[in-house]
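Spelled out from the first residue to the last, the chains are:
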Amino acid sequence: MNLVEIRDKIDSIDQTLVALLRERLDLALESKQHKAQVEDLDREQEVLDNLEELSKKYHLNYDYLISIYKIIFTQGKELQNKIMKR
């Protein structure tokens, strides 16, 4: 692959990542209908535990994944709280 092809592939992956983040947020918002409160620390820990295995499987730094997912968790909780206030 040349540089242009590599960058095109990266752009395609970025588009997929953004679409998957949107889908994940939509599901987080939907999950609010099935729980009493927004924050679920047990579920967050379960996800983080799963990330540890995934980090090994895909040879990614676990701390890197945690930092990304903490942002994802925060965004999901902020949106759920915003919807609750309406």
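Here the structure is shown first, and the text comes after it.
The text that follows walks through the structure, step by step, so that each part is easy to find. (Residues numbered from 1 in each chain as written. Predicted model: local features only at pLDDT ≥ 70, side-chain atom pairs only at ≥ 80, totals over all residues. Heavy atoms only, no water.)

Section: the packing of helix α1 (residues 3–31) against helix α3 (residues 62–84)
Where α1 meets α3, the closest approach of the two axes is 9 Å, and the angle between their N-to-C directions is 45°. Put simply, α1 runs oblique to α3. By crossing handedness, the relation of α1 to α3 is classed as right-handed. Across the interface between the two elements, L21, R24, L25, A28, L29 and S31 of α1 pack against Y69, I72, F73, Q75, G76, L79, Q80 and I83 of α3. (Axes fitted to C-alpha atoms, helices over the stretch in contact; angles between N-to-C directions. Helix = DSSP H or I, 4+ residues; strand = E, 2+ residues; numbered from the N terminus. Parallel < 35°, antiparallel > 145°, perpendicular 65-115°, else oblique. Left-handed = near helix turned anticlockwise from the far one by under 90°. Contact = heavy atoms within 4.5 Å.)

Some words on the environment of K57
Position of K57 among the secondary structure elements: in helix α2 (residues 41–57). Among the residues examined, K57 registers a relative accessible area of 57% and is labelled exposed. Residues K57 and T74 lie 17 residues apart in sequence; the distance between their C-alpha atoms is 25 Å. (Buried < 20%, exposed > 50% of the residue type's maximum accessible area, 1.4 Å probe, protein only.)

So, a negative patch on the surface
The grouping of E5, D8, D11 and D14 at the surface amounts to a negative patch. When you line up the elements, D8 lands in helix α1. (Patch = residues over 30% accessible without salt bridge, like charges linked within 9 Å, V, L, I, M, F, W, Y side chains within 5 Å. Areas by Shrake-Rupley, 256 points an atom, 1.4 Å probe, with all protein chains shown as cover. Salt bridge = Lys/Arg side-chain N within 4 Å of Asp/Glu carboxyl O. Lys, Arg positive; Asp, Glu negative; His and termini not counted. Charge placed at Lys NZ, Arg CZ, Asp CG, Glu CD.)

Side note on the nonpolar core
With six residues, the main nonpolar core is built from V47, L48, L51, L65, I66 and F73. Elements that contribute at least two residues to this core include exactly α2 and α3. If we ignore the near neighbours within four places in the chain, the residues touching F73 are R24, E44, V47 and L48. (Core = buried A, V, L, I, M, F, W, Y, C linked by side-chain atoms within 4.5 Å.)

A few points about the packing of α2 against α3
Contact geometry of α2 with α3 gives a least axis separation of 10 Å together with a crossing angle of 150°. Classed by the angle they form, the pair α2 and α3 counts as roughly antiparallel. Every pair of crossing elements has a handedness; the one defined by α2 and α3 is right-handed. On the side of α2, the interface is formed by E44, V47, L48, L51, E52 and S55, while α3 contributes Y62, L65, I66, Y69, F73 and K77.

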